[in-house]
Amino acid sequence: MRTFQTRSGIVQFNIEINRSLARKVKEKEENSMKKVVKFGGSSLASARQFKKVGDIIRADKARRYVVPSAPGKRNDKDEKVTDLLYQCYDAASEGRSYKKILEKIKTRYEEIIEGLEVNLSLDHEFARIEENFVNKAGRDYAASRGEYLNGIIMAAYLGYEFIDPAEAVFFDNDGNFDAEATDKELAERLEHVERAVIPGFYGAKHDGSIKTFSRGGSDVTGSIVAKAIHADMYENWTDVSGFLVADPRIIKDPEVIETITYKELRELAYMGASVLHEDAIFPVRKEGIPINIRNTNRPDDKGTLIVESTCRKPRYTITGIAGKKGFCSINIEKAMMNAEVGFGRKVLEVFERNGISFEHMPSGIDTMTVLVHQSEFEDYEQSVIAGIHRAVEPDFVEMESDLALIAVVGRGMKASRGTAGRIFSALAHARINVKMIDQGSSELNIIIGVKDADFETAIKAIYDIFVSAEM
Ligand code: ADP
Ligand code: ASP
Ligand code: MG
(Lines give C-alpha, C1' and ligand atoms only; values in the text may rest on other atoms or scores of the structure.)
(Ligands and ions follow the chains in the order given, each with its own letter.)
Protein backbone atom coordinates (compact mmCIF):
# COMPACT_ATOMS: atom_id res chain seq x y z
CA MET A 1 0.00 0.00 0.00
CA ARG A 2 1.25 3.49 -0.82
CA THR A 3 1.28 6.37 1.63
CA PHE A 4 1.48 10.00 0.60
CA GLN A 5 2.96 12.40 3.11
CA THR A 6 3.75 15.30 0.82
CA ARG A 7 1.50 17.59 -1.19
CA SER A 8 3.31 16.69 -4.42
CA GLY A 9 2.77 13.02 -3.56
CA ILE A 10 -1.02 13.57 -3.41
CA VAL A 11 -0.96 15.48 -6.69
CA GLN A 12 1.01 12.62 -8.27
CA PHE A 13 -1.54 10.13 -6.90
CA ASN A 14 -4.41 12.13 -8.46
CA ILE A 15 -2.64 12.30 -11.78
CA GLU A 16 -2.23 8.54 -11.76
CA ILE A 17 -5.91 8.00 -10.95
CA ASN A 18 -6.90 10.36 -13.76
CA ARG A 19 -4.60 8.59 -16.18
CA SER A 20 -5.96 5.19 -15.31
CA LEU A 21 -9.53 6.51 -15.61
CA ALA A 22 -8.73 8.00 -19.02
CA ARG A 23 -7.21 4.67 -20.05
CA LYS A 24 -10.36 2.84 -18.96
CA VAL A 25 -12.64 5.30 -20.78
CA LYS A 26 -10.51 4.91 -23.94
CA GLU A 27 -10.59 1.12 -23.61
CA LYS A 28 -14.37 1.20 -23.16
CA GLU A 29 -14.73 3.45 -26.16
CA GLU A 30 -12.51 1.18 -28.22
CA ASN A 31 -14.47 -1.86 -27.12
CA SER A 32 -17.77 -0.39 -28.26
CA MET A 33 -16.44 1.30 -31.40
CA LYS A 34 -16.74 -0.49 -34.72
CA LYS A 35 -14.59 0.18 -37.73
CA VAL A 36 -14.67 -1.50 -41.12
CA VAL A 37 -11.23 -1.70 -42.68
CA LYS A 38 -10.81 -2.34 -46.40
CA PHE A 39 -7.37 -3.14 -47.78
CA GLY A 40 -6.61 -2.69 -51.47
CA GLY A 41 -4.61 -4.98 -53.74
CA SER A 42 -1.19 -3.45 -53.20
CA SER A 43 -1.73 -3.67 -49.42
CA LEU A 44 -2.15 -7.43 -49.79
CA ALA A 45 0.19 -8.22 -52.65
CA SER A 46 2.69 -10.25 -50.59
CA ALA A 47 3.25 -11.81 -47.16
CA ARG A 48 5.26 -8.73 -46.20
CA GLN A 49 2.29 -6.47 -46.99
CA PHE A 50 -0.10 -8.86 -45.18
CA LYS A 51 2.03 -8.51 -42.04
CA LYS A 52 1.76 -4.71 -42.19
CA VAL A 53 -2.00 -5.14 -42.49
CA GLY A 54 -2.04 -7.51 -39.51
CA ASP A 55 -0.17 -4.93 -37.41
CA ILE A 56 -2.60 -2.18 -38.44
CA ILE A 57 -5.63 -4.30 -37.52
CA ARG A 58 -4.18 -5.37 -34.18
CA ALA A 59 -3.25 -1.79 -33.28
CA ASP A 60 -6.91 -0.78 -32.85
CA LYS A 61 -9.52 -3.06 -31.25
CA ALA A 62 -12.27 -1.24 -33.12
CA ARG A 63 -10.99 -2.63 -36.45
CA ARG A 64 -13.34 -5.57 -36.36
CA TYR A 65 -14.59 -6.14 -39.89
CA VAL A 66 -11.99 -6.62 -42.58
CA VAL A 67 -12.66 -6.38 -46.32
CA PRO A 68 -9.72 -7.61 -48.40
CA SER A 69 -9.09 -7.17 -52.14
CA ALA A 70 -7.25 -9.70 -54.27
CA PRO A 71 -3.44 -9.53 -54.29
CA GLY A 72 -2.38 -6.59 -56.45
CA LYS A 73 0.91 -5.60 -58.02
CA ARG A 74 4.12 -6.07 -56.01
CA ASN A 75 5.95 -3.69 -58.34
CA ASP A 76 5.29 -1.72 -61.53
CA LYS A 77 5.90 -4.70 -63.81
CA ASP A 78 3.83 -7.15 -61.80
CA GLU A 79 0.28 -8.31 -62.59
CA LYS A 80 -2.86 -8.12 -60.46
CA VAL A 81 -4.31 -11.52 -59.56
CA THR A 82 -7.72 -10.30 -60.80
CA ASP A 83 -6.25 -9.72 -64.27
CA LEU A 84 -4.58 -13.15 -64.22
CA LEU A 85 -7.91 -14.76 -63.26
CA TYR A 86 -9.69 -13.14 -66.22
CA GLN A 87 -6.93 -14.34 -68.57
CA CYS A 88 -6.98 -17.82 -67.10
CA TYR A 89 -10.75 -18.13 -67.34
CA ASP A 90 -10.88 -16.88 -70.92
CA ALA A 91 -8.30 -19.50 -71.94
CA ALA A 92 -9.92 -22.35 -69.99
CA SER A 93 -13.47 -21.62 -71.14
CA GLU A 94 -12.37 -21.30 -74.77
CA GLY A 95 -10.46 -24.58 -74.66
CA ARG A 96 -7.02 -22.92 -74.88
CA SER A 97 -4.16 -23.87 -72.59
CA TYR A 98 -4.53 -22.23 -69.19
CA LYS A 99 -2.45 -24.35 -66.78
CA LYS A 100 0.53 -21.98 -66.78
CA ILE A 101 -1.54 -18.97 -65.72
CA LEU A 102 -3.34 -21.04 -63.11
CA GLU A 103 0.03 -22.13 -61.71
CA LYS A 104 1.13 -18.49 -61.57
CA ILE A 105 -1.97 -17.57 -59.55
CA LYS A 106 -1.49 -20.55 -57.25
CA THR A 107 2.12 -19.57 -56.61
CA ARG A 108 1.06 -16.03 -55.62
CA TYR A 109 -1.17 -17.42 -52.87
CA GLU A 110 1.27 -20.12 -51.78
CA GLU A 111 4.00 -17.55 -51.29
CA ILE A 112 1.70 -15.51 -49.07
CA ILE A 113 0.67 -18.55 -47.01
CA GLU A 114 4.29 -19.66 -46.56
CA GLY A 115 5.48 -16.16 -45.65
CA LEU A 116 2.76 -15.83 -43.02
CA GLU A 117 3.39 -19.34 -41.69
CA VAL A 118 -0.31 -20.13 -41.47
CA ASN A 119 -1.42 -23.72 -41.50
CA LEU A 120 -3.58 -23.71 -44.60
CA SER A 121 -3.80 -25.46 -47.95
CA LEU A 122 -5.79 -24.10 -50.89
CA ASP A 123 -5.38 -27.27 -53.00
CA HIS A 124 -9.05 -28.26 -52.73
CA GLU A 125 -10.14 -24.73 -53.54
CA PHE A 126 -7.94 -24.62 -56.65
CA ALA A 127 -9.17 -28.03 -57.83
CA ARG A 128 -12.75 -26.76 -57.62
CA ILE A 129 -11.91 -23.46 -59.29
CA GLU A 130 -10.21 -25.24 -62.20
CA GLU A 131 -13.21 -27.50 -62.69
CA ASN A 132 -15.57 -24.52 -62.64
CA PHE A 133 -13.42 -22.60 -65.13
CA VAL A 134 -13.48 -25.48 -67.60
CA ASN A 135 -17.24 -25.76 -67.07
CA LYS A 136 -17.67 -22.07 -67.90
CA ALA A 137 -18.86 -20.79 -64.52
CA GLY A 138 -18.61 -17.21 -65.81
CA ARG A 139 -16.08 -14.35 -65.86
CA ASP A 140 -17.53 -12.81 -62.71
CA TYR A 141 -17.08 -16.08 -60.84
CA ALA A 142 -13.49 -16.22 -62.11
CA ALA A 143 -12.61 -12.67 -61.04
CA SER A 144 -14.24 -13.07 -57.64
CA ARG A 145 -11.90 -15.95 -56.68
CA GLY A 146 -9.12 -13.40 -56.14
CA GLU A 147 -10.88 -11.82 -53.17
CA TYR A 148 -12.39 -15.14 -52.02
CA LEU A 149 -9.01 -16.85 -51.63
CA ASN A 150 -7.36 -13.81 -50.09
CA GLY A 151 -10.26 -13.65 -47.62
CA ILE A 152 -9.67 -17.27 -46.59
CA ILE A 153 -5.98 -16.54 -45.95
CA MET A 154 -6.76 -13.31 -44.09
CA ALA A 155 -9.32 -15.03 -41.83
CA ALA A 156 -6.84 -17.81 -40.99
CA TYR A 157 -4.05 -15.31 -40.36
CA LEU A 158 -6.11 -13.10 -38.04
CA GLY A 159 -8.19 -15.87 -36.46
CA TYR A 160 -11.39 -14.10 -37.60
CA GLU A 161 -14.57 -15.69 -38.93
CA PHE A 162 -14.82 -15.91 -42.75
CA ILE A 163 -18.06 -14.75 -44.33
CA ASP A 164 -18.60 -15.53 -48.00
CA PRO A 165 -20.29 -12.54 -49.70
CA ALA A 166 -22.03 -15.03 -52.01
CA GLU A 167 -24.30 -15.62 -49.01
CA ALA A 168 -24.71 -12.01 -47.91
CA VAL A 169 -24.20 -9.51 -50.75
CA PHE A 170 -27.01 -9.74 -53.28
CA PHE A 171 -27.74 -8.67 -56.85
CA ASP A 172 -31.06 -8.95 -58.63
CA ASN A 173 -31.37 -11.15 -61.69
CA ASP A 174 -30.59 -8.19 -63.98
CA GLY A 175 -27.30 -7.78 -62.14
CA ASN A 176 -28.22 -4.64 -60.17
CA PHE A 177 -27.02 -4.45 -56.59
CA ASP A 178 -29.87 -5.26 -54.17
CA ALA A 179 -29.14 -2.84 -51.32
CA GLU A 180 -32.15 -3.74 -49.21
CA ALA A 181 -31.72 -7.51 -49.16
CA THR A 182 -27.97 -7.15 -48.61
CA ASP A 183 -28.29 -4.71 -45.74
CA LYS A 184 -30.79 -6.96 -43.97
CA GLU A 185 -28.77 -10.15 -44.42
CA LEU A 186 -25.41 -8.61 -43.52
CA ALA A 187 -26.81 -6.88 -40.43
CA GLU A 188 -28.28 -10.17 -39.22
CA ARG A 189 -25.15 -12.19 -39.99
CA LEU A 190 -22.79 -9.74 -38.32
CA GLU A 191 -24.89 -8.89 -35.28
CA HIS A 192 -23.40 -11.68 -33.21
CA VAL A 193 -20.04 -11.91 -34.94
CA GLU A 194 -17.42 -9.99 -33.03
CA ARG A 195 -14.76 -10.02 -35.77
CA ALA A 196 -14.98 -11.15 -39.38
CA VAL A 197 -13.36 -11.11 -42.80
CA ILE A 198 -15.74 -10.38 -45.69
CA PRO A 199 -14.00 -10.46 -49.11
CA GLY A 200 -14.65 -7.47 -51.35
CA PHE A 201 -15.79 -7.06 -54.97
CA TYR A 202 -18.50 -9.73 -55.31
CA GLY A 203 -21.78 -11.19 -54.19
CA ALA A 204 -24.39 -13.40 -55.81
CA LYS A 205 -27.60 -13.03 -57.77
CA HIS A 206 -30.73 -14.50 -56.20
CA ASP A 207 -30.22 -17.62 -58.36
CA GLY A 208 -26.84 -18.16 -56.64
CA SER A 209 -24.59 -17.22 -59.58
CA ILE A 210 -21.62 -15.02 -58.67
CA LYS A 211 -21.68 -11.36 -59.70
CA THR A 212 -18.98 -8.74 -59.20
CA PHE A 213 -19.13 -4.97 -58.93
CA SER A 214 -17.19 -3.05 -61.57
CA ARG A 215 -13.38 -2.93 -61.27
CA GLY A 216 -12.13 -1.51 -57.99
CA GLY A 217 -15.39 -2.64 -56.39
CA SER A 218 -13.97 -3.84 -53.07
CA ASP A 219 -14.31 -0.19 -52.02
CA VAL A 220 -18.06 -0.59 -52.50
CA THR A 221 -18.19 -3.77 -50.39
CA GLY A 222 -16.40 -1.96 -47.54
CA SER A 223 -19.01 0.76 -47.64
CA ILE A 224 -21.89 -1.74 -47.68
CA VAL A 225 -20.50 -3.56 -44.65
CA ALA A 226 -19.94 -0.25 -42.83
CA LYS A 227 -23.58 0.67 -43.36
CA ALA A 228 -24.92 -2.73 -42.31
CA ILE A 229 -23.11 -2.70 -38.96
CA HIS A 230 -23.58 1.06 -38.38
CA ALA A 231 -19.82 1.53 -38.21
CA ASP A 232 -18.25 4.55 -36.55
CA MET A 233 -15.73 4.75 -39.36
CA TYR A 234 -14.93 3.16 -42.72
CA GLU A 235 -11.16 3.03 -43.15
CA ASN A 236 -9.98 2.47 -46.70
CA TRP A 237 -6.30 1.46 -46.71
CA THR A 238 -4.33 1.88 -49.93
CA ASP A 239 -0.87 2.83 -51.23
CA VAL A 240 -1.13 6.63 -50.99
CA SER A 241 -1.47 8.83 -47.91
CA GLY A 242 -4.96 9.99 -48.77
CA PHE A 243 -6.91 11.59 -51.54
CA LEU A 244 -4.44 13.79 -53.38
CA VAL A 245 -5.22 17.12 -55.02
CA ALA A 246 -4.24 15.59 -58.37
CA ASP A 247 -3.26 12.24 -59.82
CA PRO A 248 0.27 11.40 -58.56
CA ARG A 249 1.04 9.85 -61.95
CA ILE A 250 0.71 13.34 -63.46
CA ILE A 251 1.81 15.67 -60.64
CA LYS A 252 4.89 14.76 -58.61
CA ASP A 253 4.12 14.55 -54.86
CA PRO A 254 0.78 16.36 -54.92
CA GLU A 255 -0.66 17.75 -51.70
CA VAL A 256 -2.95 15.52 -49.61
CA ILE A 257 -6.56 16.68 -49.17
CA GLU A 258 -7.27 16.72 -45.43
CA THR A 259 -11.07 16.81 -45.57
CA ILE A 260 -13.34 16.37 -48.55
CA THR A 261 -17.12 16.08 -48.83
CA TYR A 262 -18.93 13.11 -50.35
CA LYS A 263 -20.12 15.32 -53.19
CA GLU A 264 -16.67 16.62 -54.07
CA LEU A 265 -15.27 13.13 -53.90
CA ARG A 266 -17.92 11.74 -56.18
CA GLU A 267 -17.14 14.36 -58.82
CA LEU A 268 -13.42 13.62 -58.63
CA ALA A 269 -13.79 9.84 -58.47
CA TYR A 270 -16.16 9.83 -61.43
CA MET A 271 -13.69 11.89 -63.41
CA GLY A 272 -10.86 9.45 -62.89
CA ALA A 273 -9.39 9.94 -59.40
CA SER A 274 -9.43 6.19 -59.02
CA VAL A 275 -8.29 6.01 -55.41
CA LEU A 276 -11.87 5.28 -54.32
CA HIS A 277 -14.60 3.67 -56.45
CA GLU A 278 -17.12 6.35 -57.44
CA ASP A 279 -20.05 4.35 -56.00
CA ALA A 280 -18.39 3.70 -52.64
CA ILE A 281 -19.92 6.72 -50.97
CA PHE A 282 -23.59 5.77 -51.46
CA PRO A 283 -24.05 3.19 -48.67
CA VAL A 284 -22.14 5.16 -46.00
CA ARG A 285 -23.70 8.43 -47.08
CA LYS A 286 -27.10 7.19 -45.93
CA GLU A 287 -25.75 6.94 -42.38
CA GLY A 288 -23.26 9.81 -42.41
CA ILE A 289 -20.38 7.40 -41.71
CA PRO A 290 -17.03 9.08 -42.46
CA ILE A 291 -14.49 7.39 -44.72
CA ASN A 292 -10.81 7.69 -43.89
CA ILE A 293 -8.36 6.98 -46.73
CA ARG A 294 -5.09 5.69 -45.22
CA ASN A 295 -1.71 4.45 -46.39
CA THR A 296 -0.77 0.87 -45.41
CA ASN A 297 2.91 1.72 -45.95
CA ARG A 298 2.71 4.86 -43.75
CA PRO A 299 0.14 3.99 -41.07
CA ASP A 300 0.93 7.06 -38.97
CA ASP A 301 -0.17 9.48 -41.70
CA LYS A 302 -3.64 10.84 -40.97
CA GLY A 303 -4.89 10.44 -44.53
CA THR A 304 -8.04 12.03 -45.91
CA LEU A 305 -11.37 12.26 -44.13
CA ILE A 306 -14.42 12.06 -46.37
CA VAL A 307 -17.52 13.52 -44.71
CA GLU A 308 -21.10 14.55 -45.45
CA SER A 309 -20.38 18.22 -44.82
CA THR A 310 -17.79 20.26 -42.98
CA CYS A 311 -17.25 23.81 -41.86
CA ARG A 312 -13.50 23.33 -42.31
CA LYS A 313 -12.26 25.60 -45.04
CA PRO A 314 -10.34 23.87 -47.81
CA ARG A 315 -6.66 24.83 -47.88
CA TYR A 316 -6.85 26.07 -51.45
CA THR A 317 -9.65 27.56 -53.54
CA ILE A 318 -10.05 24.19 -55.20
CA THR A 319 -10.22 20.81 -53.49
CA GLY A 320 -9.00 18.64 -56.34
CA ILE A 321 -8.47 18.12 -60.07
CA ALA A 322 -9.20 14.95 -62.03
CA GLY A 323 -9.79 14.06 -65.62
CA LYS A 324 -10.26 11.45 -68.29
CA LYS A 325 -9.27 11.09 -71.90
CA GLY A 326 -11.17 9.47 -74.74
CA PHE A 327 -14.25 11.63 -75.32
CA CYS A 328 -15.86 12.68 -78.55
CA SER A 329 -18.11 15.69 -79.22
CA ILE A 330 -21.04 15.84 -81.62
CA ASN A 331 -21.72 19.45 -82.56
CA ILE A 332 -25.14 20.19 -83.99
CA GLU A 333 -25.91 23.51 -85.65
CA LYS A 334 -29.26 24.83 -86.76
CA ALA A 335 -30.32 28.43 -87.16
CA MET A 336 -33.01 29.36 -84.63
CA MET A 337 -32.79 26.06 -82.79
CA ASN A 338 -33.44 27.99 -79.57
CA ALA A 339 -36.99 28.72 -80.72
CA GLU A 340 -37.77 25.11 -81.58
CA VAL A 341 -39.56 23.54 -78.63
CA GLY A 342 -38.40 19.96 -77.97
CA PHE A 343 -35.19 20.25 -79.99
CA GLY A 344 -32.94 19.02 -77.16
CA ARG A 345 -35.26 16.15 -76.28
CA LYS A 346 -35.41 14.92 -79.87
CA VAL A 347 -31.61 14.92 -80.14
CA LEU A 348 -31.13 13.13 -76.83
CA GLU A 349 -33.74 10.53 -77.78
CA VAL A 350 -31.50 9.51 -80.68
CA PHE A 351 -28.67 8.81 -78.25
CA GLU A 352 -31.06 6.96 -75.95
CA ARG A 353 -32.33 4.73 -78.77
CA ASN A 354 -28.73 3.78 -79.52
CA GLY A 355 -28.05 2.98 -75.85
CA ILE A 356 -25.49 5.76 -75.37
CA SER A 357 -25.38 7.91 -72.28
CA PHE A 358 -24.05 11.42 -72.67
CA GLU A 359 -21.52 13.06 -70.44
CA HIS A 360 -22.10 16.82 -70.95
CA MET A 361 -24.24 19.01 -73.14
CA PRO A 362 -23.06 22.61 -73.47
CA SER A 363 -25.20 24.73 -75.80
CA GLY A 364 -25.41 28.09 -77.59
CA ILE A 365 -28.26 29.86 -79.42
CA ASP A 366 -27.83 27.96 -82.67
CA THR A 367 -25.56 25.15 -81.48
CA MET A 368 -25.77 22.18 -79.21
CA THR A 369 -22.89 19.89 -78.35
CA VAL A 370 -23.17 16.40 -76.90
CA LEU A 371 -20.11 14.83 -75.32
CA VAL A 372 -19.89 11.04 -75.16
CA HIS A 373 -17.31 8.35 -74.43
CA GLN A 374 -15.56 7.62 -77.71
CA SER A 375 -15.29 3.87 -77.07
CA GLU A 376 -19.06 3.58 -76.41
CA PHE A 377 -19.95 5.76 -79.36
CA GLU A 378 -17.75 4.48 -82.20
CA ASP A 379 -19.92 1.52 -83.19
CA TYR A 380 -23.07 3.65 -83.34
CA GLU A 381 -21.80 6.92 -84.80
CA GLN A 382 -23.38 6.62 -88.25
CA SER A 383 -26.67 5.47 -86.83
CA VAL A 384 -26.68 8.45 -84.42
CA ILE A 385 -25.80 10.98 -87.12
CA ALA A 386 -28.54 9.65 -89.39
CA GLY A 387 -30.96 9.67 -86.46
CA ILE A 388 -30.17 13.33 -85.66
CA HIS A 389 -30.75 14.31 -89.30
CA ARG A 390 -34.11 12.59 -89.30
CA ALA A 391 -35.16 13.93 -85.90
CA VAL A 392 -34.28 17.64 -86.14
CA GLU A 393 -33.06 18.40 -89.70
CA PRO A 394 -29.95 20.30 -88.60
CA ASP A 395 -27.97 22.62 -90.88
CA PHE A 396 -24.78 20.95 -89.93
CA VAL A 397 -23.44 18.07 -87.79
CA GLU A 398 -19.75 17.81 -87.00
CA MET A 399 -17.72 15.53 -84.79
CA GLU A 400 -14.46 15.92 -82.96
CA SER A 401 -12.64 13.00 -81.33
CA ASP A 402 -9.73 12.54 -78.88
CA LEU A 403 -10.96 15.02 -76.33
CA ALA A 404 -10.17 14.98 -72.64
CA LEU A 405 -12.37 16.32 -69.86
CA ILE A 406 -10.89 17.84 -66.73
CA ALA A 407 -12.93 18.51 -63.61
CA VAL A 408 -11.80 21.23 -61.24
CA VAL A 409 -13.74 20.59 -58.05
CA GLY A 410 -14.12 22.47 -54.79
CA ARG A 411 -16.68 23.65 -52.26
CA GLY A 412 -14.49 26.74 -51.85
CA MET A 413 -15.18 27.93 -55.42
CA LYS A 414 -18.66 29.16 -54.51
CA ALA A 415 -17.25 31.76 -52.16
CA SER A 416 -14.45 33.00 -54.38
CA ARG A 417 -14.71 35.05 -57.52
CA GLY A 418 -12.65 34.65 -60.65
CA THR A 419 -11.96 30.91 -60.45
CA ALA A 420 -12.89 30.29 -64.08
CA GLY A 421 -10.82 33.30 -65.11
CA ARG A 422 -7.78 31.93 -63.32
CA ILE A 423 -8.22 28.54 -64.98
CA PHE A 424 -8.38 30.11 -68.44
CA SER A 425 -5.43 32.36 -67.94
CA ALA A 426 -3.37 29.38 -66.66
CA LEU A 427 -4.36 27.37 -69.73
CA ALA A 428 -3.70 30.28 -72.07
CA HIS A 429 -0.23 30.70 -70.58
CA ALA A 430 0.39 27.02 -71.18
CA ARG A 431 -0.76 27.55 -74.81
CA ILE A 432 -3.68 25.18 -74.46
CA ASN A 433 -6.79 25.65 -76.52
CA VAL A 434 -9.97 25.21 -74.45
CA LYS A 435 -12.59 23.26 -76.41
CA MET A 436 -15.43 23.42 -73.94
CA ILE A 437 -16.37 24.71 -70.53
CA ASP A 438 -19.27 23.67 -68.35
CA GLN A 439 -19.98 24.86 -64.83
CA GLY A 440 -22.38 22.81 -62.74
CA SER A 441 -25.21 24.77 -61.10
CA SER A 442 -23.93 23.68 -57.69
CA GLU A 443 -20.80 25.76 -58.38
CA LEU A 444 -18.92 22.77 -57.06
CA ASN A 445 -17.16 21.99 -60.31
CA ILE A 446 -15.96 23.41 -63.58
CA ILE A 447 -15.47 20.98 -66.44
CA ILE A 448 -13.01 21.86 -69.16
CA GLY A 449 -12.59 20.08 -72.50
CA VAL A 450 -9.15 20.02 -74.14
CA LYS A 451 -7.43 17.83 -76.74
CA ASP A 452 -6.17 14.50 -75.37
CA ALA A 453 -2.61 15.57 -76.19
CA ASP A 454 -2.94 18.62 -73.91
CA PHE A 455 -4.37 16.67 -70.96
CA GLU A 456 -1.30 16.36 -68.72
CA THR A 457 -0.04 19.89 -69.45
CA ALA A 458 -3.47 21.31 -68.64
CA ILE A 459 -3.64 19.51 -65.28
CA LYS A 460 -0.14 20.74 -64.38
CA ALA A 461 -1.08 24.33 -65.29
CA ILE A 462 -4.25 24.23 -63.17
CA TYR A 463 -2.42 22.61 -60.23
CA ASP A 464 0.28 25.27 -60.36
CA ILE A 465 -2.08 28.22 -60.41
CA PHE A 466 -4.21 26.99 -57.51
CA VAL A 467 -1.92 24.89 -55.35
CA SER A 468 1.71 25.80 -55.93
CA ALA A 469 0.80 29.50 -56.16
CA GLU A 470 -1.46 29.49 -53.06
CA MET A 471 0.97 27.56 -50.83
P1 ADP B 1 -6.19 -0.06 -54.07
O2 ADP B 1 -5.60 -1.22 -54.79
O3 ADP B 1 -5.63 0.13 -52.70
O4 ADP B 1 -7.69 -0.08 -54.10
P5 ADP B 1 -6.07 1.84 -56.24
O6 ADP B 1 -4.97 1.52 -57.19
O7 ADP B 1 -7.45 1.46 -56.60
O8 ADP B 1 -5.67 1.24 -54.83
O9 ADP B 1 -6.06 3.39 -55.90
C10 ADP B 1 -4.89 4.03 -55.45
C11 ADP B 1 -4.18 4.71 -56.61
O12 ADP B 1 -5.03 5.72 -57.17
C13 ADP B 1 -2.92 5.45 -56.23
O14 ADP B 1 -1.81 4.60 -56.19
C15 ADP B 1 -2.82 6.51 -57.32
O16 ADP B 1 -1.92 6.12 -58.32
C17 ADP B 1 -4.22 6.59 -57.95
N18 ADP B 1 -4.79 7.94 -57.93
C19 ADP B 1 -5.32 8.59 -58.98
N20 ADP B 1 -5.77 9.80 -58.64
C21 ADP B 1 -5.52 9.94 -57.32
C22 ADP B 1 -5.75 10.97 -56.37
N23 ADP B 1 -6.34 12.12 -56.71
N24 ADP B 1 -5.37 10.75 -55.10
C25 ADP B 1 -4.78 9.60 -54.73
N26 ADP B 1 -4.54 8.60 -55.59
C27 ADP B 1 -4.89 8.75 -56.86
N1 ASP C 1 -9.67 -6.96 -57.34
C2 ASP C 1 -10.66 -6.15 -58.00
C3 ASP C 1 -10.02 -5.31 -59.10
O4 ASP C 1 -8.84 -5.46 -59.37
C5 ASP C 1 -11.46 -5.33 -57.04
C6 ASP C 1 -10.66 -4.32 -56.23
O7 ASP C 1 -9.42 -4.35 -56.22
O8 ASP C 1 -11.29 -3.50 -55.57
O9 ASP C 1 -10.71 -4.55 -59.72
MG1 MG D 1 -9.01 0.45 -55.64
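Residues numbered from 1 in each chain as written. Chains lettered and ligands numbered in written order. Predicted model: local features only at pLDDT ≥ 70, side-chain atom pairs only at ≥ 80, totals over all residues. Heavy atoms only, no water.

### Points about the packing of aromatic side chains
Thinking step 1. Going through the model one piece at a time under the given rule, you end up with 10 aromatic pairs.
Thinking step 2. Note on Tyr 109 and Phe 126: the rings are 6.2 Å apart at their centroids and 55° apart in plane angle, and the pair reads as tilted. Of the two residues, Tyr 109 sits in helix α4 (residues 99-116) while Phe 126 sits in helix α5 (residues 123-134), which places them 17 residues apart along the sequence. Each member of the pair, Tyr 109 as well as Phe 126, carries the same accessibility label: buried.
Thinking step 3. When the ring centre of Tyr 148 is taken as origin, the NZ or CZ atom of Arg 145, which lies over that ring, is 4.2 Å away.
Thinking step 4. Its guanidinium or amino end placed over the ring of Tyr 270, Lys 324 lies 4.6 Å from that ring's centre, counting from NZ or CZ. (Phe/Tyr/Trp six-rings, centres within 6.5 Å; stacked < 30°, edge-to-face > 60°. Helix = DSSP H or I, 4+ residues; strand = E, 2+ residues; numbered from the N terminus. Buried < 20%, exposed > 50% of the residue type's maximum accessible area, 1.4 Å probe, protein only. Lys NZ or Arg CZ within 6 Å of the ring centre and 35° of its normal.)

### Here's the deal with the site of ligand 1
Thinking step 1. Residues in contact with ligand 1 amount to 16 residues; listed here are only the nearest, Lys 38, Gly 41, Thr 238, Asp 239 and Leu 244.
Thinking step 2. Lys 38 places a polar side-chain atom, nitrogen or oxygen, 3.1 Å from an oxygen atom of ligand 1.
Thinking step 3. A distance of 2.7 Å is found between an oxygen atom of ligand 1 and a side-chain nitrogen or oxygen belonging to Thr 238.
Thinking step 4. Within the complex, the protein chains bury 85% of what would otherwise be the 570 Å² of accessible surface of ligand 1.
Thinking step 5. Using a 2 Å cut-off from the grid points, one finds that ligand 1 occupies the largest pocket. (Near = heavy atom within 4 Å. Polar contact = N/O pair within 3.5 Å; in protein donor to acceptor, adjacent residues only side chain to side chain. Areas by Shrake-Rupley, 256 points an atom, 1.4 Å probe, with all protein chains shown as cover. 1 Å grid on protein atoms, 1.4 Å probe; cavity = no way out; pocket = protein on both sides within 12 Å on 5 of 7 lines; lining within 4 Å. Sits in = over half its atoms within 2 Å of the grid points.)

### Describing helix α11 (residues 343-353)
Since the α-helix packs 3.6 residues into each turn, any two residues three or four apart lie on the same face.
Thinking step 1. Residues Phe 343, Val 347, Val 350 and Phe 351 constitute the buried set of α11. Viewed end-on, α11 has its buried residues packed into an arc of 100°, placing them on one side of the element. Relative to its buried face, α11 has exposed residues pointing more than 90 degrees away, namely Glu 352 and Arg 353.
Thinking step 2. Next to the buried residues of α11 lie β12 (320-333), β13 (367-373), α12 (374-377) and α13 (381-392).
Thinking step 3. After α11 finishes, the residue Gly 355 shows a positive phi value of roughly 70°. (Arc of directions from axis to C-beta. Contact = heavy atoms within 4.5 Å.)

### Some points on the site of ligand 2
Thinking step 1. Residues in close proximity to ligand 2 include Ser 69, Lys 80, Thr 82, Glu 147, Phe 201, Arg 215, Gly 216, Gly 217 and Ser 218, which together make up its full environment.
Thinking step 2. Interatomic distance of 3.4 Å between a backbone N/O atom of Gly 217 and an oxygen atom of ligand 2.
Thinking step 3. Here ligand 2, which alone exposes 270 Å², has 92% of that area covered by the protein.
Thinking step 4. Using a 2 Å cut-off from the grid points, one finds that ligand 2 occupies the largest pocket.
Thinking step 5. For the shell around ligand 2, the per-class residue count stands at one nonpolar, five polar and three charged. (Nonpolar A, V, L, I, M, F, W, Y, C, P; charged D, E, K, R; others polar.)

### What to know about the sheet that holds strand β7 (residues 210-212)
Thinking step 1. Spatial ordering of the open sheet is given by β4-β6-β7, a layout of three strands whose pairing is mixed. Only two strands of the sheet have a single partner each, and these edge strands are β4 (170-171) and β7.
Thinking step 2. Two elements, strand β6 (residues 202-205) and β7, share three bridges in a ladder whose sense is antiparallel. Residue Ala 204 lies in a different strand from β7, and its bridge partner there is Ile 210.
Thinking step 3. This element, helix α6 (residues 139-158), spans β6 and β7 of the sheet and lies at about 75° to β7. (Pairing = 2+ DSSP bridges. Axes fitted to C-alpha atoms, helices over the stretch in contact; angles between N-to-C directions.)

### Some words on the pattern of salt bridges
Thinking step 1. Within this structure, the stated rule accounts for 33 salt bridges.
Thinking step 2. With a closest N to O distance of 3.8 Å, Lys 184 and Glu 188 form a salt bridge. One end of the pair is Lys 184 and the other is Glu 188, both in helix α7 (residues 179-191) and four residues apart, which spans about a single turn.
Thinking step 3. Salt bridges sharing partners connect three or more residues here, namely Lys 35, Asp 60, Arg 63, Glu 235 and Arg 294. (Salt bridge = Lys/Arg side-chain N within 4 Å of Asp/Glu carboxyl O.)

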